[in-house]
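Each chain, letter by letter, is given below.
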Amino acid sequence: MAIFDREAEQMERRELAQLQLERLQATLHRVYKNVKFYKKKFDAIGFLPENCQSLEDLAALPFTTRHDLARSYPYEMFAVPLREVVRIHSSTGSPGAPIVMGYTARDLRNWAKLAARVLTAAGVDRDDVVQVTLSYGLLTSAFGIHYGVELLGASVIPTGPGGTVRQVQIMRDYRTTVLVSTPSYAQVIGDRLEEMGVDAKSLHLKVALLAGEPWTEAMRREIEARLYLTALDHYALSEAMGPGVAGECEQRQGMHLQEDHFLPEIIDPNTGETLPAGELGELVLTTIHREAVPLVRFRTGDLCRLDFSPCPCGRTLARMSRIAGRADEVVIVKGINIFPERIGQILAGMVGEEPVYQLVIGREGHLDCLEVRLEVREGLFFDKMTVQRELLQKLTRKLEQGIGVTPRVKLVEPNSIKRETETSPLVIDLRK
Ligand SMILES: [Zn+2]
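Residues numbered from 1 in each chain as written. Predicted model: local features only at pLDDT ≥ 70, side-chain atom pairs only at ≥ 80, totals over all residues. Heavy atoms only, no water.

### Things to note about the overall build of the protein
Reasoning step 1: Assigned secondary structure in the protein consists of 12 helices and 20 strands.
Reasoning step 2: Here the C-alpha atoms of the protein give a radius of gyration of 23 Å, agreeing with the 22 Å that 2.2 N^0.38 yields for 432 residues.
Reasoning step 3: Dimensions of the protein along its principal axes, counting C-alpha atoms only, are 70 × 60 × 40 Å.
Reasoning step 4: Considering only contacts within the protein whose residues lie at least 6 apart along the sequence, 64% involve residues at least 24 apart. (Helix = DSSP H or I, 4+ residues; strand = E, 2+ residues; numbered from the N terminus. Rg over C-alpha atoms; globule rule 2.2 N^0.38 Å. Contact = heavy atoms within 4.5 Å.)

So, in structure tokens, the structure goes:
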């Protein structure tokens, strides 16, 4: 399989660390000099950029949050004068004021290169026809991919979202080979193909590059079967750049993170402590090669784990797992962080399908207790007690191993947890 930038993507880890340190030091100097927000933050703890002598020194610095960015509306976080900014995007999905992102000409060139790496890792090359159904506008989503496709020399069709009948016609008539969309829109296209009586096998699709919302392995299998293609995950973070931050290779064992541009850390979302490699926690990124709006220790709010082991594809860049949920959804039971989505993953592994479940956290005496309610198939629910009991024991053991707390597992009848109506949330916390 092809690699877009061998020098960067296959860099020896030791060499990469050296490059990261140099870029980190340069970034810290620049933000200290040019961004009041960082000058104030660094001064408050008596930190000078020259104090940063190793990558570990980064952990001493304060975090940057979405609230900080919103409070800096519109240009307070910019590290360059506006005349050097050639593109402005903004996000609206945050509380408070929008978050404004600026790009210098070099930032845009780098963005295209990083997107081209992700596209290449997904198997896209210059012979491909790429249909981009993401939104073109203030949001970053479509643009990074768009210019990455052009840089690769493939053909891009900028359809933008919506108009699904037309999307399908274009897909068929223009012989689209790569679909760029959100996982749910890929499902919508699947529905429309069926309604229109178009056999996915008669199309030329080979790859779908999906991101923008949480999705699961079960969804991947379904999309692959319905659209008759390979579906790959990538990670887009508008505050850090947009799409192109990380993407899966053909191994599909995590998304290679562009560590020569983004320095990753995994922290405990409740304490802010840095966690050891391989642990599940909140992803924190420091942009180390960005000119217009560099970010130091930006809390993404996304939960994942990092894998630094070598990948058979030959890339040396660390791999981040599929996003396991949002840090603000973490609940603490008996002093242990529980990620509701993690419980979902464990249940899915056990019952072999998308589980419908709910967590109820309460107190027994002075102790926290966790109940996991899981919907089971009709047949199983009315099955013999011994079968149920065996399943309960197995589930309890697996969950205990996976989350570090022994839950009480309760099997409930099909359709008794109605998540889609929003009337029963994923977590019910009775301690509040
Ligand atoms: Zn790989």
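Next comes the rest of the account.
### Here's the deal with the layout of surface pockets
Reasoning step 1: Looking at the second largest pocket, its volume works out to about 410 Å³.
Reasoning step 2: Along the walls of the second largest pocket sit 19 residues, with Leu55, Glu56, Pro264, Glu265 and Phe308 positioned nearest its centre.
Reasoning step 3: Those elements that provide at least two residues to the lining of the second largest pocket are helix H2 (13-34) and strand E10 (262-267).
Reasoning step 4: Classifying every residue of the lining of the second largest pocket gives 13 nonpolar, two polar and four charged. (1 Å grid on protein atoms, 1.4 Å probe; cavity = no way out; pocket = protein on both sides within 12 Å on 5 of 7 lines; lining within 4 Å. Points joined across faces, edges and corners; volume = space filled by probe spheres on them. Nonpolar A, V, L, I, M, F, W, Y, C, P; charged D, E, K, R; others polar.)

### Concerning the sheet that holds strand E12 (residues 298-304)
Reasoning step 1: Reading across the sheet, the three strands line up as E10-E11-E12 and stay open at both edges, with antiparallel pairing between neighbours. Among the strands making up the open sheet, the edge pair consists of E10 and E12. Each neighbouring strand pair of the sheet contributes to a mean axis angle of 30°, computed without reference to strand direction.
Reasoning step 2: In the sheet, strand E11 (residues 281-287) pairs with E12 via four bridges, with the strands oriented antiparallel. Counterpart to Val284 in the pairing with E12 is Arg299. (Pairing = 2+ DSSP bridges. Axes fitted to C-alpha atoms, helices over the stretch in contact; angles between N-to-C directions.)

### Focus: the nonpolar core
Reasoning step 1: Ranked by size, the top nonpolar core spans 48 residues in total, and within it Leu28, Tyr38, Phe42, Met77, Tyr235, Val245 and Met320 carry the most contacts.
Reasoning step 2: Among the elements that line this core, the one with the most residues is H2, at five residues.
Reasoning step 3: Setting aside residues up to four positions removed in sequence, Val245 forms contacts with Tyr235, Leu237, His256, Leu257, Gln258, Phe262 and Leu285.
Reasoning step 4: Ranked by size, the runner-up nonpolar core spans 21 residues in total, among them Val333, Leu347, Leu391 and Ile403. (Core = buried A, V, L, I, M, F, W, Y, C linked by side-chain atoms within 4.5 Å. Buried < 20%, exposed > 50% of the residue type's maximum accessible area, 1.4 Å probe, protein only.)

### Some details on the coordination of the zinc ion
Reasoning step 1: Taken together, the protein donors to the zinc ion comprise Cys249 (SG), His256 (NE2), Cys311 (SG) and Cys313 (SG), at separations of 2.1 to 2.3 Å.
Reasoning step 2: Read in sequence order, the donor residues coordinating the zinc ion give the pattern C-x6-H-x54-C-x1-C. In this pair, Cys249 is assigned in the loop between strand E8 (242-248) and strand E9 (255-257) and Cys313 in the loop between strand E13 (306-307) and strand E14 (319-320), connecting sequence segments 64 residues apart. An identical accessibility class is assigned to Cys249 and Cys313; each is buried. (Donors = N, O, S within 2.8 Å, 3.2 Å for Na, K, Ca; no water.)

### Brief notes about the pattern of salt bridges
Reasoning step 1: Going through the model one piece at a time under the given rule, you end up with 28 salt bridges.
Reasoning step 2: Note that Arg106 is salt-bridged to Glu291, the shortest N-O span being 3.6 Å. Separated by 185 residues along the polypeptide, Arg106 in helix H5 (residues 105-121) and Glu291 in the loop between E11 and E12 bring together distant segments of the chain.
Reasoning step 3: On the basis of relative accessibility, which here comes to 22%, the residue Glu291 falls in the partly exposed class.
Reasoning step 4: Between Arg220 and Glu217 there is a salt bridge whose closest N-O contact spans 3.0 Å. Taken as a pair, Arg220 and Glu217 lie in helix H9 (residues 217-227) at a separation of three residues, close to a single helical turn. (Salt bridge = Lys/Arg side-chain N within 4 Å of Asp/Glu carboxyl O.)

### Some thoughts on empty space enclosed by the protein
Reasoning step 1: The full count for this structure, using the stated rule, is three cavities of 30 Å³ or more.
Reasoning step 2: In this structure, the largest cavity spans a volume of roughly 90 Å³.
Reasoning step 3: If you trace the largest cavity, you find 13 residues lining it, with Asp107, Met241, His261, His289 and Arg290 closest to the centre.
Reasoning step 4: With four residues, H5 is the largest single contributor of residues to the lining of the largest cavity.
Reasoning step 5: Taken together, the residues of the lining of the largest cavity sort by class into seven nonpolar, four polar and two charged.
Reasoning step 6: Of the volumes computed, that of the second largest cavity is approximately 80 Å³.
Reasoning step 7: Forming the boundary of the second largest cavity are 13 residues, of which Leu69, Met77, Ile99, Val100 and Val293 lie nearest the centre.
Reasoning step 8: Considering each element in turn, the lining of the second largest cavity owes the most residues, three residues, to strand E2 (residues 99-104).
Reasoning step 9: Among the residues forming the lining of the second largest cavity, the class breakdown is 11 nonpolar, one polar and one charged.

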